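# Examining the three-dimensional arrangement
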Amino acid sequence: MSIRETYLPFGAPNYSEAEIEAVTRIMRSGWLGLGQETLSFEAELAAALGVDEIVAVNSCTSALFLALRESGVRSGDDVIVPSLTWCSSANVALYLDARPVFCDVDSDTFSMSVETVLASLTSRTRAVVVVHYGGLAVDVQALRRALPERVAIIEDAAHALGARYPDGSVVGSSGNLTCFSFYANKNLATGEGGAIALGDPTLANRLRSLRMHGMDSSAWSRYVKPSTIGPGVIAELGFKMNYSDLQAAIGRVQLQRFPEMQAHRQALAERYQQRLQAELPWLKMQEGCFTPMHAKHLLVGRFDPEKTGMQRDDLLKALRLRNVGASIHYAPLHNMPLYAEYKPPVLPVTERLAPQILTLPIGAKLEVADVDYVCEQLLEILKEVR
Ligand SMILES: Cc1ncc(COP(=O)(O)O)c(C=O)c1O
């Protein structure tokens, strides 16, 4: 099969004319900051997830930071986090001068589990950052039952908008502070952005103040009520972590299109399943990745060199040379220089998986023909080495 002329990127966003029109509408309105569009996006996302409150912020990293801080994580506390994740999940503990405690993952789900979290529990554990890796939800209800009450559960659902917990309920509706990302490659993409889903309206209002310098009122509320004289009152140190109406305009359209985009991801995943399971029966994909419970942000498989006859990095290079934007999620954090001080003695499953995992391209912009192309190239490369 000939090599395609254009590079097939991993996770390109899917925008229609409606997103472009929405952005234009906001630009013409004269108000680009946090205003009515953001409030509408928050309300619509809350309704879609069936949660009481959504607080939109400028990134999932900010959402995780605020969530950990408001859960009472302080200097010297231990915060359990998987090593197989994006750096944000651990860095937010460091921002609070807390200690990331890296836990292992399960060899089938590639995710943290009740067992791996409990194995990392210490007397100083104050919180767990639960990462729903790739879009597969961790059983947070079981985790809650297993953990001491003093340990807060913060959900890192950057990959998991649209995913469901094992009991069938929607990720975000657990009652834990659950953090989403709307970064450019996410299932709902607004360039940058994030949100915290929660059930407590008092805490939600506090988070709304903290995202805007700790002020008691927003610039928007003063803009729409010109009788309000002077700036808002600042009673405590807050942050500049607000979302904006430009992003919210994209987000509202993406939210309307979300069921259709998720159904498309599902169809692409099923195509991968059809093509790969027959030809590569040894290939271990992340458990559950073909089911509708999984958000399918990432489609991760384990390419064991004993089965493929080649190292994962050589396979990745070969795919890239054929214009396939396969990728790696992730290089384990505990081996990075920044976290040397927090390196656990051993994380056997993470160490074994890390050099073998490969992320296949999936996204709302891909076509079924793109998946066919990826599968054919993959099979051809593997056939050449064997
Ligand atoms: C697991 C995980 N957590 C957190 C983040 C941070 O998201 P953001 O870029 O919105 O800060 C990401 C980003 O990709 C992620 O993959």
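Residues numbered from 1 in each chain as written. Predicted model: local features only at pLDDT ≥ 70, side-chain atom pairs only at ≥ 80, totals over all residues.

One way to put it is that helix H2 (residues 36–49) packs onto helix H9 (residues 245–279) with a least axis distance of 8 Å and a crossing angle of 30 degrees. One element, H2, and the other, H9, form an angle in the roughly parallel class. Crossing hand, H2 versus H9: left-handed. Contacts from Glu-37, Thr-38, Ser-40, Phe-41, Glu-44, Leu-45 and Ala-48 in H2 reach Asp-245, Ala-248, Ala-249, Gly-251, Arg-252 and Leu-255 in H9. Class assignment of the residues belonging to the contact of H2 with H9 gives a composition of six nonpolar, three polar and four charged. (Axes fitted to C-alpha atoms, helices over the stretch in contact; angles between N-to-C directions. Helix = DSSP H or I, 4+ residues; strand = E, 2+ residues; numbered from the N terminus. Parallel < 35°, antiparallel > 145°, perpendicular 65-115°, else oblique. Left-handed = near helix turned anticlockwise from the far one by under 90°. Contact = placed C-beta atoms within 7 Å. Nonpolar A, V, L, I, M, F, W, Y, C, P; charged D, E, K, R; others polar.)

Counting residues in each nonpolar core, the largest one holds 106 residues, and the members touching the most others are Leu-68, Ile-154 and Ile-196. Among the domains, domain 1 (17–256) and domain 2 (258–385) are the pair contributing at least three residues each to this core. Ignoring anything within four residues of it in the chain, the contact list for Ile-196 reads Val-55, Val-57, Ala-63, Leu-66, Ala-67, Leu-177, Thr-178, Cys-179 and Leu-207. (Core = buried A, V, L, I, M, F, W, Y, C linked by C-beta atoms within 7 Å. Buried ≥ 20, exposed ≤ 12 C-beta atoms within 10 Å, placed from the backbone. Domains from an automatic or database assignment.)

Our focus in this paragraph is unusual backbone geometry. For residues that are not glycine, phi is negative in most cases, and the peptide bond is trans in most cases. His-329 connects to Tyr-330 through a cis peptide bond whose omega is 10 degrees. Along the chain, the position of Tyr-330 falls in the loop between helix H11 (312–321) and helix H12 (348–353). Unlike most non-glycine residues, Asp-97 shows phi in positive territory, near 60 degrees. The residue Asp-97 is located in the loop between helix H4 (88–95) and strand S3 (99–103) in this model. Even without being a glycine, Phe-110 presents a positive backbone phi close to 60 degrees. Within the secondary structure, Phe-110 is located in the loop between S3 and helix H5 (114–119). Phe-110 gets classed as buried once you count the C-beta atoms within 10 Å, which come to 26.

Attention now moves to the domain arrangement of the chain. According to the domain assignment, the chain consists of domain 1 (17–256) and domain 2 (258–385). On a C-alpha basis, the centroid separation for the pair domain 1 and domain 2 is 26 Å. Listing elements by their share of the side of domain 1 that touches domain 2, those giving two or more residues are S3 and H9. Among the elements that line the side of domain 1 that touches domain 2, the one with the most residues is S3, at four residues.

A few words now on the site of the ligand. Near the ligand lie 14 residues; those nearest to it are Ser-59, Cys-60, Thr-61, Ala-158 and Ser-181. Where the shell around the ligand is concerned, the elements lending two or more residues are helix H3 (60–70) and H4. Along the lines of polarity and charge, the residues of the shell around the ligand split into five nonpolar, eight polar and one charged. (Near = placed C-beta within 6 Å.)

The subject of this paragraph is helix H1 (residues 17–29). Between its first and last C-alpha atoms H1 spans 18 Å; for 13 residues at 1.5 Å apiece the expected length is 18 Å, and the two agree. At its buried positions, H1 is contacted by H2 and H9. After H1 finishes, the residue Gly-30 shows a positive phi value of roughly 90 degrees. (Expected span 1.5 Å × (residues − 1).)

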